[in-house]
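# Overview (structure and organization)
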Amino acid sequence: MHDPGATGRFGDYGGRYVPEALIPACAEVEEAFRAAWADAAFRRDLDRLLTVYAGRPTALTPAWNLSAELGITVLLKREDLAHTGSHKINNVLGQALLARRMGRTRLLAETGAGQHGVATATAAALLGLSATVFMGSKDMARQALNVHRMRLLGAEVVEVTSGSRTLKDATSEAMRHWVTCVDEAYYCLGSVMGPHPYPWMVREFQRVIGEEARAQCAAELPAAIPDYVVACIGGGSNAAGTFAGFAGTAAKLVGVEAAGGAAISGGKVAVMHGHRSYAIQDEHGQILEAESVAAGLDYPGIGPEHAHLHELGRARYVTVTDAEVIDAVRRLARSEGILPALESAHAIAWVLRAARDGELPPGATVLITLSGRGDKDTTTLMEIP
Amino acid sequence: MNATTATGVAVGPRLRERRDAGRKLLVPYVTGGVSADWTDYLRAYADAGADAVEIGLPFSEPMIDGPTVQEASERALHRGATVRGVLADLRAARVDVPLIVMTYYHLVAREGHAEFCAALAEAGVRGLIVPDLPLEELAELEQATAAADVDLILVAAPSGAPSRLREIAARSRGFVYAMTAMVTTGERAELPASAAEFAARLKAHADLPVLLGFGISTPEHAVAGARAADGVVVASALMRGLLDGATPAESGAQVRALRAALDEVYG
Ligand SMILES: Cc1ncc(COP(=O)(O)O)c(C=O)c1O
């Protein structure tokens, strides 16, 4: 998992497919990020915020009861314990510091489940920036709690009513809006997608998940490295950050997509939202609406580095159904006293299935990134019998 | 397929010839497949004095389009518009003005560059605009369009550094499409003064006609834009009318009014 260079390529994927109007803005973000990432003072500022504000390092919790039931060892990387309740804060603190360093006064963002929007609103409040968050009207309805949180934090939430009224259209709208305000606003993208340098930059900001987990696994496991590393995938940022910590090890990497939005298993190559990767599409090439109980995974595409890891065979991409996810939420809640986000429950669901099917052999060690907590999903869960 | 299959009116020569004769150029837009009778708008535009027509091939993720063109694209997709279907309609339409397709790169790449360009040329389309394909990614499509005798028209944005603007002017074919401002497509009350300044800056680099587009909504805007540029592209203002029920004749009248204003001031 390397620096994709000036062209922003991961093999055949990635790149910078945006209107000419946005090219200078992308180039400016790339240049600023390269300089900041090489600057020890920037790293120190970010590390300090991650520690004293976001609550890092997050715990690595053995799922004691579940492990006993399944006959394998399950370790949970607890991003649900990070401030604002998900891994999204890691990336946003990095990008918000970068925006401030670039002299920007406003953050723009898209959000699906609302976690990236909440993280953006939070960082904006902390650093004295304003925030405008684009969100599909369907997601606003099912993630009303997070809409309210963003507004309490002082962000403007813009309702997007075009297309599927979910994350895909919120992303398109945020990019269109960016064209109109590139001089004052910074586009704070929420996953490992979009035009170069975003897929790479967001992975670097999320790398902290994998690096912490790797050190924690070394202390926890006799073999130091887990056999499997599993994370859910919307655009793929928590997975990319987690995988980055294990890229050089023998651990098997597994990304879990929602069955109704399975870009790799069910999609084809597409150029969308600024990069070349996989996305689900109809026979005429129109991008399809993803369908998932988890708003944060309701995205028809996947970040370009994942497409590359898939092609290399370095990571495997699998799917689980909504029903399996609901079941996984209940299992984890009852067995460990942890209510996971619906997104994170995708990773749990695959592990439950793989353990049952024998795909995970008895005694296997499995690290699961628990990307967020489930409080935001309680109204959705209340509607499910 | 190769260049010999190209039909339709070539973009570059026609526009250059008219520009050199002192005429200000007018390029109206219609979304392909937006209505059952959508090609009647092409004919009405041509009859009203359009120098070329831009046709949008609708894509589900329109990165640079504002609400009006988005609505038109959604309507067209809802009606079942496809690349092949729109091109088949165009092939049957036989209009005597240069036809230019605007679409997003995904729809080009999934067909294959050469196949897509050959299909355009075969349908009588001799110009192509792909707004999400920047200079860095252009080479392959540049070759394919050239082989099919299709002009690849590049979009220049006011945010571009002088070196980029120079390169866009040098590599564009047919004409250079200059954005009036840092905006998405859409109707607008006023044309910013910076539009003319930008067009003048580009014209210094370009031997091709330079046309201003994005937000040109009224005959007054067209006249103001054409003062510094060689002409204008009008999309959302026409599509707004169409979406609100304007017939081909009524949209034709809108184009005729733009034409008359340009001819009156510059004729
Ligand atoms: C808790 C949680 N996990 C995962 C995701 C999916 O994003 P990514 O694939 O970028 O980690 C989201 C997105 O909203 C989320 O809120």
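Small disclaimer: the values here were computed from a predicted structure and weren't measured.

## What to know about the overall build of chain A
Looking only at helices and strands, chain A features 15 helices and 14 strands. Taking 21 Å as the expected radius of gyration for a compact globule of 385 residues, we find that chain A reaches 19 Å, a close match to that expectation. Overall, the C-alpha framework of chain A stretches about 55 × 45 × 40 Å when taken along its three principal axes. Going through the 385 residues of chain A one by one, you find that 67% of them count as buried. Counting only contacts in chain A whose residues sit at least 6 apart along the sequence, the fraction spanning at least 24 positions is 75%. For chain A, the accessible area works out to roughly 12,400 Å², and carbon and sulfur atoms hold 52% of it. The average position of the 36 basic charges and that of the 43 acidic charges among the side chains of chain A differ by 3 Å.

## Topic: the confidence of the model for chain B
Averaged over all residues, the pLDDT of chain B is 96; the fraction at 70 or higher stands at 98%. Across the interfaces of the predicted complex, the ipTM metric reaches 0.95, alongside a pTM of 0.97.

## Regarding the pairing of strand 2 (residues 53-56) of chain B
Residue and element names in this part refer to chain B. By the alternation rule, side chains of strand 2 split into Val53 and Ile55 and Glu54 and Gly56, which are all buried. With three bridges joining them, strand 1 (residues 25-31) and strand 2 adopt parallel strand pairing. If you follow Thr31 over to strand 2, its bridge partner there is Gly56. Of the crossover connections in this fold, the one passing from strand 1 over helix 2 (residues 38-47) to the parallel strand 2 is right-handed. Bridge count for strand 2 against strand 3 (residues 99-102) is four bridges, and the pairing is parallel. Across the sheet, the residue bridging to Ile55 is Val101, located in strand 3.

## Remarks on the interface of chain B and chain A
Counting residues at the interface gives 33 residues for chain B, matched by 34 residues for chain A. Carbon and sulfur atoms supply 56% of the area buried between chain B and chain A, which totals about 2,600 Å² over both sides. If you sort the residues of chain B by the area they bury against chain A, Glu61, Met63 and His106 of chain B come out on top, with a joint share of 25%. If you look at where chain B meets chain A, you find three salt bridges. The partner of Arg9 of chain A in a salt bridge is Glu137 of chain B, and the shortest N-O contact between them spans 2.6 Å. In this assembly, chain B and chain A are joined by 17 residue pairs in polar contact (both at pLDDT 80 or more). Where the side of chain B that touches chain A is concerned, the elements lending two or more residues are helix 3 (67-78), helix 5 (105-111) and helix 8 (162-171) of chain B. Ranked by residue count, the leading element in the side of chain B that touches chain A is helix 5 of chain B, at four residues. Split by residue class, the side of chain B that touches chain A holds 18 nonpolar, seven polar and eight charged.

## Thoughts on unusual backbone geometry
Residue and element names in this part refer to chain A. Between Arg56 and Pro57 the backbone carries a cis peptide bond, its omega angle lying at -5°. Its place among the elements puts Pro57 in the loop between helix 2 (40-52) and strand 3 (60-62). Here the residue pair His196 and Pro197 is connected by a cis peptide bond, since its omega of 15° sits within 30 degrees of zero. Position of Pro197 relative to the elements: it lies in the loop between strand 8 (185-187) and helix 9 (198-220).

## Digging into the sheet that holds strand 6 (residues 130-136) of chain A
Residue and element names in this part refer to chain A. Spatially, 7-6-5-8 is the arrangement adopted by the four strands of the open sheet, whose pairing is parallel. Every interior strand has two partners, whereas the edge strands, strand 7 (156-160) and strand 8, have only one. Sheet twist, expressed as the mean angle between neighbouring strand axes with direction ignored, is 25°. Where strand 6 and strand 7 come together, five bridges link them in parallel fashion. Residue pairing across strands places Phe134 opposite Val158, the latter belonging to strand 7. Running at roughly 165° to strand 5 (residues 106-111), helix 5 (residues 115-127) makes contact with strand 5 and strand 6 of the sheet.

## Observations regarding the side chain of Thr171 of chain A
Along the chain, Thr171 of chain A falls in helix 8 (residues 167-179). If we skip the residues at most four places from it in the chain, Thr171 of chain A touches Glu110, Tyr187, Met193, His273 and Tyr299 of chain A.

## A look at helix 10 (residues 237-244) of chain A
Residues spaced three or four apart along an α-helix face the same direction, because each turn holds 3.6 residues. The element helix 10 of chain A is extensively covered by neighbouring structure, given that eight of its eight residues are classed as buried. All buried positions along helix 10 of chain A are accounted for by Ser237, Asn238, Ala239, Ala240, Gly241, Thr242, Phe243 and Ala244 of chain A.

## A few points about the pairing of strand 8 (residues 210-213) of chain B
All names here are of chain B. Taking every second residue as pointing to the same face, both faces of strand 8 are buried, with Val210 and Leu212 on one and Leu211 and Gly213 on the other. In this sheet, strand 8 lies alongside strand 7 (residues 176-179) in parallel orientation, the contact comprising four bridges. Bridged to Met179 within strand 8 is Gly213. Here strand 8 pairs with strand 9 (residues 231-234) via two bridges, running parallel. Among the inter-strand pairings, Leu212 is bridged to a residue of strand 9, identified as Val232. Since strand 8 and strand 9 lie parallel, the crossover through helix 10 (residues 219-228) that links them has a hand, and here it is right-handed.

## Brief notes about the site of the ligand
Residues and elements named next belong to chain A. Taken together, 18 residues lie near the ligand, and Ser191, Gly234, Gly236, Ser237 and Ser371 sit nearest. Here an oxygen atom of the ligand sits 2.9 Å away from a polar atom, N or O, in the side chain of His87. Residue Asn238 places a side-chain N or O atom 2.8 Å away from an oxygen atom belonging to the ligand. Computed on the free molecule, the ligand has an accessible area of 390 Å², of which 97% lies beneath the protein chains in the complex. The class makeup of the residues in the shell around the ligand is five nonpolar, 11 polar and two charged.

## A few points about the packing of helix 4 (residues 83-93) of chain B against helix 6 (residues 113-122) of chain B
Residue and element names in this part refer to chain B. Close contact between helix 4 and helix 6 brings their axes to 9 Å; oriented N to C, the two are set at 25°. One finds that helix 4 runs roughly parallel with respect to helix 6. Here Val83, Arg84, Leu87 and Arg91 of helix 4 lie close against helix 6, whose contacting residues are Glu115, Phe116, Ala119, Leu120 and Glu122. A breakdown of the residues in the contact of helix 4 with helix 6 according to their chemical character gives five nonpolar, no polar and four charged.

About the cut-offs
- Residues numbered from 1 in each chain as written.
- Chains lettered and ligands numbered in written order.
- Predicted model: local features only at pLDDT ≥ 70, side-chain atom pairs only at ≥ 80, totals over all residues.
- Heavy atoms only, no water.
- Helix = DSSP H or I, 4+ residues; strand = E, 2+ residues; numbered from the N terminus.
- Rg over C-alpha atoms; globule rule 2.2 N^0.38 Å.
- Buried < 20%, exposed > 50% of the residue type's maximum accessible area, 1.4 Å probe, protein only.
- Contact = heavy atoms within 4.5 Å.
- Areas by Shrake-Rupley, 256 points an atom, 1.4 Å probe, with all protein chains shown as cover.
- Lys, Arg positive; Asp, Glu negative; His and termini not counted.
- Charge placed at Lys NZ, Arg CZ, Asp CG, Glu CD.
- pLDDT = per-residue confidence, 0-100.
- Pairing = 2+ DSSP bridges.
- Right-handed = clockwise from strand over helix to strand, strands pointing away.
- Buried area = accessible area lost by both parts, 1.4 Å probe.
- Salt bridge = Lys/Arg side-chain N within 4 Å of Asp/Glu carboxyl O.
- Polar contact = N/O pair within 3.5 Å; in protein donor to acceptor, adjacent residues only side chain to side chain.
- Nonpolar A, V, L, I, M, F, W, Y, C, P; charged D, E, K, R; others polar.
- Axes fitted to C-alpha atoms, helices over the stretch in contact; angles between N-to-C directions.
- Near = heavy atom within 4 Å.
- Parallel < 35°, antiparallel > 145°, perpendicular 65-115°, else oblique.

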